[in-house]
Amino acid sequence: MESTIDKVSNALYESECIKFGSFKIKSGALSPYYIDMARLLSKPKELCTIANVAAEKIRQIMDTDSLTKLASIELKGALIAPSIACKVDMPCIIVRKEEKSYGATGKIAGADITREDKILFVDDVVSEGLSKIEGIKPIKELGAEVKHILVIVNREQGGKETLEKNGYTVHALAKVSEVVTALQKNGKISAEQTKIVLNYIKK
């Protein structure tokens, strides 16, 4: 039976969400890999795989904690969150990066937020964690509770630990070290590519 890590890793690889080489990331540093979760939109089967795995994780969270809505921030998380929301039959909220000044104004799109809401925040990856804190802020300002954060991949750059110090419980479908190890095991990438990524994480 295919493991959860194998499902996630293969879906990321087959949709070309994960690429290997040399990429400048947001901080300006160079990374030997890059994750572009928007590529899932080109592969419906792989998008469904990720959504199904995420939905199962959310159901596990709901065994011990009540949730009423999902939320995410534009752009990457917002592309994935609605597919997950369909699987768990839960309203979805998107937080805009900038407040909209026309039509339905404000930073929140989608479902309304109430003070009774217990919201799970969804995003594509966690690196340093700061964008999650900013994305959650407008939701908390409206009185809703956010305890849980779910990401597809933990880049293992300290973001999970930062968020947990701020009181959130972080759930990742996979760590990037698990992704590259699984891809090597399944013959998708070389041992050298895996070694380069693992050494990068350790630094």
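A. Spatial organisation of the overall build of the chain. Check the secondary structure of the chain and you find 7 helices and 8 strands. Over its C-alpha atoms, taken along the principal directions, the chain stretches across nearly 50 × 40 × 35 Å. Of all 203 residues assigned to the chain, the portion counted as buried reaches 45%. Of all intrachain contacts in the chain linking residues separated by at least 6 positions in sequence, the fraction that spans at least 24 positions is 58%. Accessible area of the chain: about 10,400 Å², with a carbon and sulfur share of 49%. Here the chain carries 31 positive and 27 negative side-chain charges, and the mean point of each set is 4 Å from the other.

B. Representation of the nonpolar core in the model. L12 and M37 are the most contacted members of the largest nonpolar core, which totals 45 residues. With 8 residues, helix α2 (residues 44–62) is the single largest residue contributor to this core. Other than its neighbours up to four places away in sequence, L12 contacts C17, I18, M37, I50, V153 and V179.

C. How the structure looks around the packing of helix α1 (residues 4–14) against α2. As a packed pair, α1 and α2 sit with axes 9 Å apart at the nearest point and diverge in direction by 150 degrees. With respect to their mutual orientation, α1 and α2 come out roughly antiparallel. Between α1 and α2 the crossing geometry is left-handed. On the side of α1, the interface is formed by T4, K7, V8, A11, L12 and E14, while α2 contributes E46, T49, I50 and V53.

D. Spotlight on unusual backbone geometry. The step from E74 to L75 runs through a cis peptide bond, and the omega angle for that step is 10 degrees. On the secondary structure map, L75 appears in the loop between β3 (69–73) and α3 (76–88). Not every positive phi belongs to a glycine, and E16 is a case in point at roughly 60 degrees. With respect to the helices, strands and loops of the structure, E16 is situated in the loop between α1 and β1 (18–24). The exposure class of E16 is partly exposed, given its relative accessible area of 41%.

E. Structural context of the packing of aromatic side chains. Counting across every chain of the model gives 2 aromatic pairs. With a centroid separation of 6.2 Å and 85 degrees between ring planes, the pair formed by Y33 and Y200 is classed as edge-to-face. Residue Y33 is found in strand β2 (residues 30–35), and its partner Y200 is found in helix α7 (residues 191–202); the two are separated by 167 residues along the sequence. Pair check on accessibility: Y33 and Y200 agree, each one buried.

F. Local environment of the side chain of D117. The residue D117 is located in the loop between β5 (106–110) and β6 (118–126) in this model. At 2.8 Å, the side chain of D117 and the side chain of T68 are in polar contact. Within the local environment of D117, its side chain forms a polar contact with the side chain of K69, the two groups lying 2.7 Å apart. Setting aside residues no more than four positions away along its own chain, D117 makes contact with T68, K69, D112, A144 and E145.

G. Region of interest: the side chain of K132. Tracing the backbone shows K132 in helix α4 (residues 130–141). With relative accessibility at 3%, the residue K132 sits in the buried group. Of the polar contacts made by the side chain of K132, one reaches the backbone oxygen of V125; its length is 2.7 Å. What K132 contacts, discounting residues up to four positions off in sequence, is F121, D123, V125, V126, I149, V151 and L163.

H. Broad picture of the environment of K76. Tracing the backbone shows K76 in helix α3. Those residues in contact with K76, other than ones at most four positions away along the chain, are Y34, D36, M37, A38 and D124.

I. Spotlight on empty space enclosed by the protein. For the coordinates displayed, the defined rule picks out 1 cavity of 30 Å³ or more. Looking at the largest cavity, the residues that line it are D65, S66, L67, K118, I119, E145, V146, K147 and H148. Among the elements of the structure, β6 and β7 (145–154) are those that each provide at least two residues to the lining of the largest cavity. Sort the elements by how many residues they give to the lining of the largest cavity and β7 lands first, with 4 residues.

Procedures and definitions
- Residues numbered from 1 in each chain as written.
- Predicted model: local features only at pLDDT ≥ 70, side-chain atom pairs only at ≥ 80, totals over all residues.
- Heavy atoms only, no water.
- Helix = DSSP H or I, 4+ residues; strand = E, 2+ residues; numbered from the N terminus.
- Buried < 20%, exposed > 50% of the residue type's maximum accessible area, 1.4 Å probe, protein only.
- Contact = heavy atoms within 4.5 Å.
- Areas by Shrake-Rupley, 256 points an atom, 1.4 Å probe, with all protein chains shown as cover.
- Lys, Arg positive; Asp, Glu negative; His and termini not counted.
- Charge placed at Lys NZ, Arg CZ, Asp CG, Glu CD.
- Core = buried A, V, L, I, M, F, W, Y, C linked by side-chain atoms within 4.5 Å.
- Axes fitted to C-alpha atoms, helices over the stretch in contact; angles between N-to-C directions.
- Parallel < 35°, antiparallel > 145°, perpendicular 65-115°, else oblique.
- Left-handed = near helix turned anticlockwise from the far one by under 90°.
- Phe/Tyr/Trp six-rings, centres within 6.5 Å; stacked < 30°, edge-to-face > 60°.
- Polar contact = N/O pair within 3.5 Å; in protein donor to acceptor, adjacent residues only side chain to side chain.
- 1 Å grid on protein atoms, 1.4 Å probe; cavity = no way out; pocket = protein on both sides within 12 Å on 5 of 7 lines; lining within 4 Å.
- Points joined across faces, edges and corners; volume = space filled by probe spheres on them.

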